[in-house]
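Coordinates in review
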Amino acid sequence: MCGIVGAIAQRPVAAILLEGLRRLEYRGYDSAGLAVLGDSGRLERRRTLGKVARLAELIAADPVSGTLGIAHTRWATHGEPATHNAHPHLSGERCALVHNGIIENHNELRDQQRADGYVFTSETDTEVIVHAIHAELRRGLSLVESVRKVSQRLRGAYALGVIDAADPDHLVAARHGSPLVIGVGFGEHFIASDVFALLPVTNRFIFLEDGDLAELSRDQVRIWDRSGRLVERPLRLSTVSPELTERGPYRHYMQKEIFEQPRAIADTLEGRLMDDRVLPEIFGTQAAGLFAEARALTIVACGTSFHAALVARHWIEGIAGLPCQVEVASEYRYRRHIVPERALFLTLSQSGETADTLAALRRAKDLGYLATLAICNVPESSLVRESDLVFLTHAGPEIGVASTKAFTTQLVALLLLTIALGRFHQLDAATESRLVALLRSLPGRIDEVLRLDATIAALAERFIDKQHALFLGRGEHYPIAMEGALKLKEISYIHAEAYAAGELKHGPLALIDEQMPVVALVPNNILLAKLKSNLEEVRARGGQLIAFADFQVPLEETKGLTIVRLPETDDLIDPLIFSIPLQLLAYHVAVLKGTDVDQPRNLAKSVTVE
Ligand code: G6P
């Protein structure tokens with residue numbers, strides 16, 4: 001999703017802006033640009049379709065120099081991906097602006113501005129903002145006053161960075177529904193969509209709140225809240241080291257993140273367990289009372305996080321003994337609800353900035369839930385700040401668009417939640433102790449699964465020329481099959497679908513022939529006999545079956561059936577174990593197909609617009 005970087009410094013900022021954009025590449029984008037207030041007092045702008053590397057080449061060929069500037073990676077919403085739609089947008093020779101979000105009333109603003117004589121050079125919703133600010137500047141308002149006045153007329157979501165060629169000493173930023181952080185340096189200040197962009201220049205940050213307007217000069221930051229009051233926002237030190245966001249010896253971030261999972265899971269468990277118990281306060285000091293009172297749970301999430309929620313439903317109902325509903329956030333926010341009595345509302349999100357999930361949380365607050373709880377990977381995110389209870393997964397920064405370690409650490413968090421909730425309902429101490437032992441064993445077990453890497457890389461070759469693939473699972477493995485299919489389609493662009501294996505004969509069986517690879521998840525549980533009949537249905541029709549099977553499942557390789565044995569595992573943690581080979585499979589297929597693994601086409605890491 002769009003990324004913003006801005007800087008006001010005593011040194012040239014172009015290189016800082018470019019490095020910031022590179023560090024935001026993981027969010028997904030289609031074009032990039034920057035504008036610097038040149039030493040001559042003129043705005044110098046460079047924009048391009050495509051990668052930040054291309055923008056860097058443009059700047060190398062035609063340098064810009066100045067100590068105040070803004071930069072942007074665009075993920076098209078209004079107007080096709082094209083250089084003329086790339087940010088920054090200019091109004092006259094005076095004002096330059098970068099924007100993340102969507103302006104809903106852009107049409108009416110544009111009509112008025114056309115009537116006032118403004119000429120539009122893009123199809124974006126953004127351009128109206130820069131002309132509106134320009135009009136206020138012309139009336140003699142300062143930059144910050146102009147942005148304040150214009151913000152009051154904007155409907156929708158935005159984060160903005162704005163500079164005025166007539167004012168070399170200020171950079172103005174505003175946040176309303178899209179993330180924005182201020183980096184605090186010595187004699188210099190920065191803005192960015194997230195802290196990663198600024199780690200090379202500072203580790204001191206101020207997180208803007210929704211409705212905040214900020215004026216940055218070289219030695220000062222002033223912030224006003226939505227009511228126009230001058231406010232102090234806390235300065236926070238980031239503990240993320242710049243190296244954590246480096247790729248190291250790995251070929252792709254996704255590969256690095258897959259292999260980091262044993263560590264990420266160990267970090268997520270750290271400080272959360274004591275002997276054979278889950279520590280009582282890991283979901284917050286009020287959690288115990290609320291968990292005892294709770295009679296139901298609703299979970300809302302998007303994408304991969306939604307799949308983690310679907311797995312959790314099996315755990316919460318089967319182990320903790322509470323009814324659990326799961327829904328995608330984009331649907332949840334727009335329908336009428338009957339909220340179960342004394343229900344908790346849980347959001348799951350890697351980034352904590354997904355617009356639909358945030359909107360669902362805000363909606364839920366008016367619906368009479370007992371409390372809201374967020375499981376999230378980003379401590380300073382909006383979701384974390386706006387929820388009553390919070391549990392942070394400690395996966396570390398996830399850069400690859402396709403989520404891997406964030407998913408498995410969410411599953412770990414959800415098992416901890418199952419225990420913490422279940423304790424007040426139907427979970428006995430012996431099962432808790434067994435689950436804790438299994439949780440502790442997870443990093444070692446996942447290490448073992450990762451040793452299948454070469455086997456799976458070889459299997460991946462069978463997918464290179466395929467257009468479609470089917471993934472089958474049952475019970476809590478059905479959402480894992482959905483996640484496997486999502487991984488494959490996201491990064492290899494092969495159309496992949498997941499089915500609950502029992503549904504095969506209700507439609508997808510019609511698709512099976514020798515061209516259709518079918519990936520099946522075969523744990524050793526009570527559904528095994530049923531699943532084996534489903535697999536027979538596929539084999540009998542010539543489908544190419546690849547079964548990821550528990551080490552002791554009685555299943556023989558035959559023509560049309562390849563078996564990959566997983567190391568010894570246990571029902572209760574199976575979904576985590578089975579998700580790893582599917583991540584590896586998608587990764588290797590994408591590598592073989594030569595796609596952009598970490599930044600797949602059309603996708604964004606953090607979807608901050610609706
Ligand atoms: C985007 C990402 C996915 C992610 C989803 C939800 O689609 O590409 O990887 O699962 O957003 O994101 P969240 O940060 O809320 O988990």
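Rules and cut-offs
- Residues numbered from 1 in each chain as written.
- Predicted model: local features only at pLDDT ≥ 70, side-chain atom pairs only at ≥ 80, totals over all residues.
- Heavy atoms only, no water.
- UniProt positions renumbered as here; feature names shortened; annotations may be inferred.
- Near = heavy atom within 4 Å.
- Polar contact = N/O pair within 3.5 Å; in protein donor to acceptor, adjacent residues only side chain to side chain.
- Areas by Shrake-Rupley, 256 points an atom, 1.4 Å probe, with all protein chains shown as cover.
- Helix = DSSP H or I, 4+ residues; strand = E, 2+ residues; numbered from the N terminus.
- Phe/Tyr/Trp six-rings, centres within 6.5 Å; stacked < 30°, edge-to-face > 60°.
- Buried < 20%, exposed > 50% of the residue type's maximum accessible area, 1.4 Å probe, protein only.
- Lys NZ or Arg CZ within 6 Å of the ring centre and 35° of its normal.
- Core = buried A, V, L, I, M, F, W, Y, C linked by side-chain atoms within 4.5 Å.
- Contact = heavy atoms within 4.5 Å.
- Pairing = 2+ DSSP bridges.
- Axes fitted to C-alpha atoms, helices over the stretch in contact; angles between N-to-C directions.

By the naming in an unreviewed UniProt entry, the chain goes by Glutamine--fructose-6-phosphate aminotransferase [isomerizing] and is assigned to Thermochromatium tepidum ATCC 43061. Taken directly from UniProt, the Function (unreviewed entry) text for the chain runs: "Catalyzes the first step in hexosamine metabolism, converting fructose-6P into glucosamine-6P using glutamine as a nitrogen source." The Subcellular location (unreviewed entry) comment attached to the chain in UniProt states, word for word, "Cytoplasm".

1. Quick word on the site of the ligand
The environment of the ligand is made up of 13 residues, and the closest members are Ser305, Ser349, Gln350, Ser351 and Thr354. At 2.6 Å from an oxygen atom of the ligand is found a side-chain nitrogen or oxygen belonging to serine 305. Between the ligand and valine 401 there is a distance of 3.0 Å, counted from an oxygen atom to a backbone nitrogen or oxygen. Here the ligand has 390 Å² of accessible area as a free molecule, and 90% of this is covered by the chains. Among the elements that take part in the shell around the ligand, helix H9 (residues 303–320) stands out by supplying three residues, more than any other.

2. Some thoughts on the packing of aromatic side chains
Counted according to the given criterion, the structure contains seven aromatic pairs. Here phenylalanine 345 and tyrosine 369 contribute two aromatic rings whose centre-to-centre distance is 5.0 Å and whose plane-to-plane angle is 55°, an arrangement assigned as tilted. Placement of phenylalanine 345 in strand S20 (residues 343–349) and of tyrosine 369 in the loop between helix H11 (355–364) and strand S21 (371–376) is noted, with a sequence separation of 24 residues between them. Comparing phenylalanine 345 with tyrosine 369, the two get one shared label, buried. These aromatic residues form a ring-pair network of at least three members: Phe283, Phe291 and Phe391. Over the aromatic face of tryptophan 224 sits the side chain of arginine 148, whose NZ or CZ is 5.2 Å from the ring centroid. Above the face of the phenylalanine 391 ring, arginine 272 is positioned so that its terminal group lies 3.9 Å from the ring centre.

3. Details of the nonpolar core
Core analysis: the biggest nonpolar cluster contains 93 residues, and Phe283, Phe291, Leu414, Leu416, Leu417, Phe471 and Phe548 have the highest contact counts within it. Broken down by element, the residue count for this core peaks at 12 residues, all from helix H18 (residues 574–593). Residues within four places of leucine 414 in sequence aside, it is in contact with Ala308, Ala309, Ala312, Trp315, Leu346, Leu348 and Ile375.

4. Topic: the sheet that holds strand S12 (residues 213–216)
Judged by pairing direction, the sheet is antiparallel, and its seven strands sit side by side in the order S5-S6-S7-S8-S12-S13-S14 without closing on themselves. Since the sheet does not close on itself, it has two edges, and those belong to strand S5 (89–91) and strand S14 (230–231), each with one partner. Its contacts with the sheet put helix H5 (residues 143–151) on strand S7 (156–164), strand S8 (167–176), S12 and strand S13 (221–224), and the angle it makes with S7 is roughly 160°.

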